[in-house]
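Fold and contact review
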Amino acid sequence: MILLKVQKLGKSFGGLKALQDVELSINAGEIASLIGPNGAGKTTFFNLLTGVYKPDEGEIDFSGERIDGRPPHWIVKRGLARTFQNIRLFNHMTVLENVMIGRHCRTRSELLPALLHTPAFFREEREIAQSARERLNFVGLLKYADELAGNLPYGGQRRLEIARALATEPRLLLLDEPTAGMSQVEAAELVGLLNRISAEGVTILLIEHRMSLVMRVSQKVHVLDHGVKIAEGTPSQVQSDPRVCEAYLGANYDNSEISNLGHS
Amino acid sequence: MRLPFKHRAVPFIALAVFAILPPILKNSEFSYVIRLLGLVGLYMTVALGLNLVVGFLGLLDLGFMAFYAIGAYSMALLSMAGISFWPALAAAIIIAMAFRALLGAPVLRLRGDYLAIVTLGFGEITRIVLNNWDSVTNGPKGLSLLTNANVKPVRLFNWVISTNADYYYLILITVVVCVIVSERLKNSRIGRAWMAIREDETAARLTGIQITRMKMIGFVISAAFAGAAGAIFARWESFVTPESFTFWESVMLVAMVVIGGMGSVPGTLIGVGIVMLVPEVLRNVLGTALVSWRYFLFGVALVLVAVYRPQGIWPSRRLSRTTEAEEAAK
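Bear in mind that the values here come from a model prediction, so they are computed numbers and not experimental data. (Residues numbered from 1 in each chain as written. Chains lettered and ligands numbered in written order. Predicted model: local features only at pLDDT ≥ 70, side-chain atom pairs only at ≥ 80, totals over all residues.)

This part is about the overall build of chain B. Each helix and strand in chain B was counted, giving 15 helices and four strands. On the principal axes, the C-alpha backbone points of chain B span a range of 65 × 45 × 45 Å. Long-range pairs, those at least 24 residues apart, make up 76% of the contacts in chain B with a sequence separation of at least 6. (Helix = DSSP H or I, 4+ residues; strand = E, 2+ residues; numbered from the N terminus. Contact = placed C-beta atoms within 7 Å.)

Shown next, in the form of structure tokens:
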């Protein structure tokens, strides 16, 4: 079953064509990766999917519904959540509260219940805290629940972003360079987390520069270069695609560099 | 960092102290203190409203006195039309919120600095309209309720509110209600959303928060506080003029919230107390020769707070913890 289907997607900033005619589909349940050199348009693609920008051309269908041009909160509610390339946490709020924010779109209490402290208000508050704790436990941060988010170590902040995104109950999780700045050990732990998220039935689309990780976890890899999609396929298909090697290494590469791609 | 039990008693002790002040000070040379503290309480009410916007939402509002003015003039005009206090109070609050909503609808989509400029403009426009709309507001001469036969006394059940001490208690109750409302909002789904917006608006939006809607809620509720305070002020003074609602007052309100500790309810109360009472104390301490220096000294004090205690005097729990962590890291 196709969960996300993107057709002829295009976006320009002034004269710069950031994305052009991008076609991509993602099956429910898979872990897919989006790779490409810096400036290829990967984050722009995420920004279009999540409603930060409106596309100039093309369509985005998410489980049978057009989501392009919709506001971000509407898209989140439909089940599409993301993390950020540069960590964006609510630093002066606690770790638990950060995840509780993820529950915002799945809960309803507004003014009167909060002011009158109705039983429904307390019930919902307990539900919010409880499910936030479950997500924290899932990513291994429960013991830091009452710390300030800004005081977590780097790898912890990355995982907290994932927990916050998971709290919105996504069907598709977009991760923008989740291992950026991580050590090898932390990155290896993240692979385990990705597999556990996937086992919960969440589809994952990953932007990642660590090729070893991409090749290990993804069932499908999509390659962007200069705003154009140049290849897609299984990790091994993409690895041996001459256009991909050219995009990464330039036209005059030799074969030893190709084998390095898989192990960098 | 949960407060130890004895600290949780502090608000109740403070409340008890303030509750017994009027009988103690009655007929003493300090009886004027009751009037002064009543005024402080009105500003606390307004500042708690502003704290929702400046402290919780992180938006700069430089024209907040406009809504105090709208509350005061609404109450004055309605009272002169013969409407009794409680319905007029409700109407004044709703009118202030309605104007706030009209202002918020276009400007809350703007980012930071523009909001400060637009609210500043709205504050001045309000004052200028009040000053010039002679047929309704009686212009700079203001509206007096004393000589108007239509004005009904302020009553709560059998309690007729007329003396300074009566208003002191009415205002004390108002402040308590506003503190409870502030704290309940802060620890709710909406309050968390406000703080998330303050921390990182983009991340909040992409985590599913409807930014403009949440800002609008905070923005409009803040005016309820200001409108209520203005309405009580109008009945207590029995007189309103545009001179009470200048840009300067709006700036002082922001200073109160910032000095006390943005986003902190006790901090806001303390900030109001300090900003209003320190010049009074200095007036008495300095004597006639130096009294004109008191705003200079006050300005120096503000700078010192900004330099040495940027998180405010009683910061919200979160901000103080970060500062501790940052200092520990040094």
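Chain B puts 27 residues into the contact, and the matching count from chain A is 30 residues. Among the residues forming the side of chain B that touches chain A, the class breakdown is 13 nonpolar, six polar and eight charged. (Nonpolar A, V, L, I, M, F, W, Y, C, P; charged D, E, K, R; others polar.)

All names here are of chain A. Overall, mixed pairing links the six strands, which are arranged β6-β7-β8-β3-β9-β10 in an open sheet. The sheet is open, and its two borders are formed by β6 (80-82) and β10 (228-233), each paired with just one other strand. Recorded for the sheet is a direction-independent mean angle of 20° between the axes of neighbouring strands. Note that strand β3 (residues 31-35) and strand β9 (residues 220-225) share four bridges and pair parallel. Paired with Ser-33 across the bridge in β9 is Val-221. Relative to the sheet, helix α7 (residues 184-199) contacts β3, β7 (172-176) and β8 (203-207), its axis offset from that of β8 by approximately 150°. (Pairing = 2+ DSSP bridges. Axes fitted to C-alpha atoms, helices over the stretch in contact; angles between N-to-C directions.)

Moving on to the confidence of the model for chain B. Residue and element names in this part refer to chain B. With 94% of its residues at a pLDDT of 70 or more, chain B shows a mean pLDDT of 87. Ranking the elements of chain B by mean pLDDT puts helix α15 (residues 317-329) last with 53 and helix α11 (residues 211-237) first with 96. Across the predicted assembly, pTM comes out at 0.89 and ipTM at 0.90. (pLDDT = per-residue confidence, 0-100.)

Residue and element names in this part refer to chain A. The strand order β2-β1-β4-β5 describes an open sheet built from four strands, whose pairing is antiparallel. Unpaired on one side and paired on the other, β2 (16-27) and β5 (65-66) mark the two borders of the sheet. As judged from the five bridges shared by strand β1 (residues 2-13) and strand β4 (residues 57-62), these two strands associate in the antiparallel manner. Counted as the bridge partner of Lys-5 is Asp-61 from β4. Strands β1, β2 and β4 of the sheet are contacted by helix α1 (residues 42-49), whose axis makes an angle of about 65° with β2.

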